[in-house]
2 protein chains.
Amino acid sequence: MPNPVSADIKFRAQNQLGELYAALDSGTGREVQRMLHSLSPQSIAELLESSPPRIRQVLWKLIDREVEGEVLQELPDEIQSQILATMDTEEMVAVMEGLDADDVADILQQLPERVMAEVLSAMSESDRQRVEGVLAYDEETAGGLMDTDIVSVRPNLHLDVVLRYLRRHEQLPESTDNLFVVNRKDRFIGLLPLTKLLTTDPSVTVREIMITDVEPIPADMPDDEVAQLFAKYDWITAPVVDEEKRLLGRITIDDVVDVIREDADHSLMSLAGLDEEEDTFAPVKRTAPRRAVWLGINLLTALLASWVINLFQDTIDKVVALAVLMPIVASMGGVAGSQTLTVVIRGMALGQVGRSNLSWLLSRELGSGALNAILWSTVMGGVAALWFGDTRIALIIIAAMVINLITAAFAGAILPVALRAMRIDPALAGGVALTTVTDVVGFMSFLGLATWFFA
Amino acid sequence: MPNPVSADIKFRAQNQLGELYAALDSGTGREVQRMLHSLSPQSIAELLESSPPRIRQVLWKLIDREVEGEVLQELPDEIQSQILATMDTEEMVAVMEGLDADDVADILQQLPERVMAEVLSAMSESDRQRVEGVLAYDEETAGGLMDTDIVSVRPNLHLDVVLRYLRRHEQLPESTDNLFVVNRKDRFIGLLPLTKLLTTDPSVTVREIMITDVEPIPADMPDDEVAQLFAKYDWITAPVVDEEKRLLGRITIDDVVDVIREDADHSLMSLAGLDEEEDTFAPVKRTAPRRAVWLGINLLTALLASWVINLFQDTIDKVVALAVLMPIVASMGGVAGSQTLTVVIRGMALGQVGRSNLSWLLSRELGSGALNAILWSTVMGGVAALWFGDTRIALIIIAAMVINLITAAFAGAILPVALRAMRIDPALAGGVALTTVTDVVGFMSFLGLATWFFA
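Numbering of residues starts from 1 in every chain and runs along the sequence as written. The order in which chains are written sets their letters, starting at A; the order in which ligands are written sets their numbers, starting at 1. This being a predicted model, a pLDDT of at least 70 is required before a residue's local features are given, and a value of 80 or more before pairs of side-chain atoms are given or counted; all residues contribute to the totals for chains, interfaces and linings. Where side-chain values are given, they derive from all heavy atoms of the structure, hydrogens and water being excluded.

An unreviewed UniProt entry lists chain A under the name Magnesium transporter MgtE, with Microbulbifer hydrolyticus as the source organism. According to the UniProt record, the Subunit (unreviewed entry) comment for chain A reads "Homodimer." UniProt positions are given in the numbering used here, feature names are shortened, and annotations may be inferred rather than shown by experiment.

All names here are of chain A. The strand order 4-5-6 describes an open sheet built from three strands, whose pairing is mixed. The two strands at the open ends of the sheet, each matched to only one other strand, are strand 4 (217-218) and strand 6 (247-252). In this description, strands pair whenever DSSP reports at least two bridges between them. Think of it this way: any DSSP run of H or I at least four residues long counts as a helix, any run of E at least two long counts as a strand, and we number them from the N terminus. Of the strand pairs in this sheet, strand 5 (residues 237-241) and strand 6 are connected by five bridges, and their pairing is antiparallel. For proline 239, the partnering residue across the bridge sits in strand 6 and is arginine 250. Whether two residues are in contact is decided by their heavy atoms: any pair within 4.5 Å suffices. Angles shown run from 0 to 180 degrees and are taken between the N-to-C directions of axes, each axis being a line fitted to C-alpha atoms and, for helices, limited to the stretch in contact. Running over the sheet, helix 16 (residues 223-233) touches strand 4, strand 5 and strand 6 and is turned about 65° from strand 6.

Here the copies are matched by least squares. The fit uses the C-alpha atoms of residues with pLDDT of at least 70 in both. Expressed as a screw transformation, the operator carrying chain A onto chain B has a rotation angle of 180° and an axial translation of 0.0 Å, and the superposed copies differ by an RMSD of 0.1 Å. The superposition operator between the copies reduces to a two-fold rotation axis. Closest approach to the rotation axis within chain A is made by the C-alpha atom of Leu268(A), at a distance of 2.4 Å. Counting the interface residues of chain A, we find that 99% of their copies in chain B are interface residues as well, pointing to one common contact surface.

Taken domain by domain, chain A holds domain 1 (4-145), domain 2 (152-252) and domain 3 (284-454). On a C-alpha basis, the centroid separation for the pair domain 2 of chain A and domain 3 of chain A is 53 Å. Domain start and end points were adopted from an automatic or database domain assignment.

A word on the nonpolar core. Only buried Ala, Val, Leu, Ile, Met, Phe, Trp, Tyr and Cys residues count toward a nonpolar core, and they belong to the same one when joined by side-chain atoms within 4.5 Å. Relative accessibility under 20% of the residue-type maximum defines a buried residue, over 50% an exposed one, and the middle range a partly exposed one, all with a 1.4 Å probe and only protein chains included. Among the nonpolar cores identified, the biggest contains 84 residues, and Met326(A), Phe446(A), Leu447(A), Met326(B), Phe446(B) and Leu447(B) are the most heavily contacted of them. Filtering out sequence-adjacent residues up to four positions away, Leu447(A) remains in contact with Ile309(A), Phe312(A), Ile316(A), Leu322(A) and Met326(A).

Turning to the sheet that holds strand 4 (residues 217-218) of chain B, a few remarks are in order. Residues and elements named next belong to chain B. Taken in spatial order, the three strands line up as 4-5-6 in an open sheet, and their pairing is mixed. Both outer strands of the open sheet, strand 4 and strand 6 (247-252), are each paired with one neighbouring strand and no more. Against the sheet, helix 16 (residues 223-233) touches strand 4, strand 5 (237-241) and strand 6, its axis set at about 65° to strand 6.

Residues and elements named next belong to chain A. Any two of the Phe, Tyr and Trp rings considered here, Trp counted by its six-membered ring, make a pair once their centres fall within 6.5 Å; the pair's planes then place it as stacked at under 30 degrees, edge-to-face at over 60, or tilted in between. For the structure on display, the rule yields 10 aromatic pairs over all chains. Ring geometry for tryptophan 387 and phenylalanine 388: centres 4.9 Å apart, planes at 25°, overall stacked. Judged by relative accessible area, which is 28%, tryptophan 387 ranks as partly exposed. Taking relative accessible area as the criterion, phenylalanine 388 reaches 22% and is therefore assigned partly exposed.

In this complex, chain A contributes 138 residues to the contact, which on the side of chain B involves 137 residues. Summed over both partners, the accessible area (1.4 Å probe) lost when two parts come together is defined as the buried area. Buried surface at the junction of chain A and chain B, summed over both partners, amounts to about 12400 Å²; 65% is from carbon and sulfur atoms. Criterion for a salt bridge: a side-chain nitrogen of Lys or Arg within 4 Å of a carboxyl oxygen of Asp or Glu. Taken together, the links from chain A to chain B amount to six salt bridges. With a shortest N-O distance of 3.3 Å, Glu46(B) and Lys232(A) are connected by a salt bridge. In protein, a polar contact requires one atom able to donate a hydrogen and another able to accept it; more generally it is a pair of N or O atoms within 3.5 Å, and residues adjacent in sequence count only if both atoms are side-chain atoms. On the surface where chain A and chain B come into contact, there are 37 residue pairs in polar contact (both at pLDDT 80 or more). With 18 residues, helix 21 (residues 355-388) of chain A is the largest single contributor of residues to the side of chain A that touches chain B. Residues are grouped as follows: Ala, Val, Leu, Ile, Met, Phe, Trp, Tyr, Cys and Pro are nonpolar; Asp, Glu, Lys and Arg are charged; every other residue, Gly included, is polar. Residue classes in the side of chain A that touches chain B are distributed as 76 nonpolar, 38 polar and 24 charged.

What follows is the structure, given as structure tokens:
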């Protein structure tokens, strides 16, 4: 339910951040505490996410104890682990008091196994059971996303009985839009939308108005598939069942929105060799090693390209203009190929691209690549002729660019599909693989043709 | 409300696509029609999105008339315009019959002004007014996202009256989770969650249980800000008001989920010079010109880098090994800089990065960049020494790589911020700007130092 404070909605994280840092600098912890006290848990979480590590630690200590749990559940995994690492078992149990089972499970999963076991045993029996119900499933499946706090009814009830039953509750679970209809064996039968409940004569039974044309989500469905279904059918909540169709829990749209965001970020971050779950404000000691691995891999591919150039050392020695022009062939191939690669990777992520339409997509990319190859190679040929006054160089660069741009289109379309077939993340490996191809083919065609022309 | 057919949820777009194309090839339009008839509008829309243009046209003709509108509203803007272009005014009005005002407004906005006016005048009075209510606002604002079909109540009512009032409705708007509480002048006062309505004694008044600590969304708020609020507070719906706080309509999470997806795609696509709204299966004649512009811009920056190399032609002539190694310096700078650039761009998109914490981020990137610069330049120095047996070359490449990798970290962090300050899209211009910097600095430092060493 929406419940932001006015201070919040006009809260621009950045302005508040500036004020906060000023208050921290001037040493008034009380001033900061007062500011934090006026904000919602979500805004406090935003502040923590946007702060460097040391300031994060300081801020955490100044947060009201009662909202610590709510703030913690809003934070990304990496930051949750950082904060948990500063707490002992008792503190952790206290922090998670009152949170939903799925949020507690999320937080616990950031802990080492031994610590998680300690915290679980320190919880109350009922809390532990609910959380273990969720922990039984992999984080990145429907079972890992679901919450077990659900309201279910039986189909034979009259609606007025249902209404009286609901009135006995102090409150219903957040975002309840449907009640779940189950049979005696707790097997999922259908849904009873609250809106239908409110607009139908109370003498009618649940069975008469419930929606049965529903396929519940199996607990082992991968989370990105769950997200796609939610986005496709505009669901707010969805029932989760086990293999016997017994109702286990429900997933709400807000859990899925996070998955959608991460999924979309995945391609962007992976193409640069980064992890989408990465903490933007991680300290150097954590960032540098990750970057080192990616740079090492790219250095190897760069050395491969250099080895190719080295094969034609003598030709470059003869015609130094080649050294001036050769990077153009390689880089234009890389730029064009990246466009194709990005289109295909996104198409695959959206589930649009597959075996049936790939060949059409490939020929479209080749067509577009060929047209642009002819256009820009001709332009470049003209520039080369004017610059160096040598038509041989012009012809060589035209031919090499045509070859490389068409190769780039082909590679950009085929590589992601091939990588996926080999169970390699196409976004992570695709960019490196593509530039390796366009560099090698670019240098080889340009310098190879030059060697032949200037033999 | 969820209502997929069983055939649907097991529907894997790609498998169905294969069967569909097979059926189309074998010429049985009836077979295809039968297949389409068994699917939900959302699945049909997916099929259309994943099909090449000609097949799309054929499929459109085979869709049941009654679901055409529902299918149309699920399609992305570009494909909507393609389909609308094949229809006359009467057909368009018929297709949009029964759709929500905000979905009709979305579709109409794909039409040229003249045609949109024609279609509007052909609608019924009430339909037209509702749609014009939404059209009054820019597409990419809260007003453009909202629907005007809302249920509101007055605060003085007892809940049993509210319940009787709801029962007189045949149905409530989709995804209704709150009723809106307004005063006599239609000014927004607060929310009445359905869950509260169902769990509270009916003799209580609305005023006693309504939630007033709510800041409604102004109609002119940009859609990405709306999306951020929804994601932050886990809203399902939110009220939209005008400057006088009069209730205009509501936004539901499903409209926002699309914005979240597009927003996230924006960075990915823009870095490759593509539009996130681009139709993956657009024909060559539309794709090629767009790619041409991007390639032209990149050719200019590549020529700039070549001009820099050309300044040092004589040095390369003397020491050909330089031509073999120089691309390594440039490309490593590009790779490292891209990582910094991507982290900052995503941080800015998530609203995490701003003036208060930018300097910390910059020093973290410089720190990580410096450590990696020392590591990989030393490695490369060793490789160069072994390969060419010349310690001067090794020292040159070490120095040049250190210079370029540190420059890359700096540029990757500063460029997106500078571009945003100049009101240029950092994702669109950032990549090109960065590689221009790392190429120029890479070649200049490497070849410049070589010229000095080998003077």
